[in-house]
Amino acid sequence: MTLDTAERVRTGRGALARCAPDPDAFLARTWGRRAAVHDGGDGARFDDLLGVDDVDRFLTSTALRTPFFRLVKAGERMPETTYTRTGRTGSRDVAGIADPARVADLFEDGATIVLQGLHRWSEPVARFCRDLELELGHPCQVNAYVTPRGAQGLDLHEDPHDVFVLQAFGRKRWEIHGAPAEAARDPIETELPPGGTIYMPAGT
């Protein structure tokens, strides 16, 4: 652990404190036990990790390729041929490159853009993920979901691992059902604003 990271852990300003405002209480009473929502009313922001301009740059200026991104709509994965193209690098054809115009058209039509494995190719996200791993003692990975207004990206589903949701921009409505580790409860219905977070234990 670097001195910089150790100081952030000690003072509560590390990655975990951004996901759960009271890290000690989170680890003692929430982690692995129950879902928790924080509305970000303390002025928290995540635009240093990902913003709309970053998404635009990834899709238009970096030759982003599958499988590092995909499009989904109402729970269905869209065929890659509908939003990618083939380009040429040196003497080789390179398939699966984002076609910005087609991605934009499909987004306007309700498709969600999924940026996959963001911890592998976005420097701010990689640093944040590394720090969170040091604090939790667990490997972490990051996907980002950019859904247009009024649309739904994924169907009701569960993940076999714990999940932190960080709302970087925009607002999203959530319906959070109970996990196996939780006492029986009604679904939590919430609209997460920028800076808000959700924690969900495995199976939520």
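Residues numbered from 1 in each chain as written. Predicted model: local features only at pLDDT ≥ 70, side-chain atom pairs only at ≥ 80, totals over all residues. Heavy atoms only, no water.

K.L.:
Can you walk me through the pairing of strand β11 (residues 197-200) in this structure?
P.N.:
Moving residue by residue along a regular strand, the side chains alternate between the two faces of the sheet. Taking every second residue as pointing to the same face, both faces of β11 are buried, with Thr197 and Tyr199 on one and Ile198 and Met200 on the other. Both strand β1 (residues 36-38) and β11 contribute to a ladder of three bridges, which runs antiparallel. Within β11, the position partnered with His38 by the bridge is Thr197. Here strand β8 (residues 163-166) pairs with β11 via four bridges, running antiparallel. Residue Val165 lies in a different strand from β11, and its bridge partner there is Ile198. (Buried < 20%, exposed > 50% of the residue type's maximum accessible area, 1.4 Å probe, protein only. Helix = DSSP H or I, 4+ residues; strand = E, 2+ residues; numbered from the N terminus. Pairing = 2+ DSSP bridges.)

K.L.:
Quick question: what am I supposed to make of the packing of aromatic side chains here?
P.N.:
Two aromatic rings are characterised by how far apart their centres lie and by the angle between their planes. Taken as a whole and assessed by the stated rule, the structure comprises six aromatic pairs. Judged by centre distance (5.3 Å) and plane angle (50 degrees), the ring pair of Phe164 and Tyr199 falls under tilted. Taken as a pair, Phe164 in strand β8 and Tyr199 in strand β11 lie far apart in primary sequence, 35 residues in all. (Phe/Tyr/Trp six-rings, centres within 6.5 Å; stacked < 30°, edge-to-face > 60°.)

K.L.:
Which parts of the structure should I look at to understand the pattern of salt bridges?
P.N.:
This model, assessed by the stated rule, comprises 10 salt bridges. Across the pair Asp54 and Arg57 runs a salt bridge, and its minimum N-O distance is 3.4 Å. One end of the pair, Asp54, and the other, Arg57, are both in helix α4 (residues 52-61), three residues apart, so they sit about a helical turn from each other. Of the charged contacts, one joins Asp99 and Arg102 as a salt bridge, the two residues approaching to 3.3 Å between their closest N and O atoms. (Salt bridge = Lys/Arg side-chain N within 4 Å of Asp/Glu carboxyl O.)

K.L.:
Would you mind going over the side chain of Asp99 with me for this structure?
P.N.:
Tracing the chain through its elements places Asp99 in the loop between β5 (92-98) and α5 (100-108). A relative accessible area of 16% means that Asp99 is categorised as buried. Ignoring anything within four residues of it in the chain, the contact list for Asp99 reads Tyr83, Thr84 and Arg85. (Contact = heavy atoms within 4.5 Å.)

K.L.:
When you look at helix α6 (residues 123-136) in this model, what are you seeing that I'm missing?
P.N.:
Because an α-helix completes one turn every 3.6 residues, residues spaced three or four positions apart along the sequence face the same direction. Taking 1.5 Å of rise per residue, 14 residues should cover 20 Å, and α6 covers 20 Å from first to last C-alpha, within 8% of that figure. Of all the residues in α6, the buried ones are Val125, Phe128, Cys129, Asp131, Leu132 and Leu136. On an axial view of α6, the arc spanned by its buried residues comes to 165 degrees, and they lie on one face. Looking one or two places after α6, you find Gly137, whose phi comes out positive at around 75 degrees. (Expected span 1.5 Å × (residues − 1). Arc of directions from axis to C-beta.)

K.L.:
Help me understand the environment of Ala144 in this model?
P.N.:
With respect to the element layout, Ala144 can be found in strand β7 (residues 144-146). A relative accessible area of 9% means that Ala144 is categorised as buried. Here the alpha-carbon distance between Ala144 and Val165, two residues 21 residues apart in the chain, equals 9.4 Å. What Ala144 contacts, discounting residues up to four positions off in sequence, is Leu50, Ile113, Val114, Leu115 and Leu118.

K.L.:
Is there a simple way to explain helix α3 (residues 23-30) in this structure?
P.N.:
Three or more residues of α3 are buried, namely Pro23, Ala25, Phe26 and Thr30. Buried residues along α3 cover an arc of 160 degrees about the axis, so they all sit on one side. Looking at the buried residues of α3, the elements they touch are α2 (15-19), β1, β8 and β11. Residue Gly32 follows α3 closely and has a positive phi angle near 75 degrees.

K.L.:
Is there a simple way to think about the sheet that holds β7 in this case?
P.N.:
Paired through their backbone hydrogen bonds, the strands of a sheet run either parallel or antiparallel. Here we have four strands laid out as an open sheet, ordered β3-β2-β6-β7, and antiparallel in their pairing. Lying at the two open borders of the sheet, with one neighbouring strand each, are β3 (76-77) and β7. Bridge count between strand β2 (residues 69-73) and strand β6 (residues 112-115): four bridges; the pairing is antiparallel. Counterpart to Val72 in the pairing with β6 is Thr112. Relative to the sheet, α5 contacts β2, β6 and β7, its axis offset from that of β2 by approximately 25 degrees. (Axes fitted to C-alpha atoms, helices over the stretch in contact; angles between N-to-C directions.)

K.L.:
What should I look at first to understand the sheet that holds β8 in this one?
P.N.:
Reading across from one edge, β1-β11-β8 is the order of the three strands in this open sheet, with antiparallel pairing throughout. Edge positions in the sheet fall to β1 and β8, since each has one partner strand and no second. Between one strand axis and the next, the sheet turns by 10 degrees as a mean value, whatever way the strands run.

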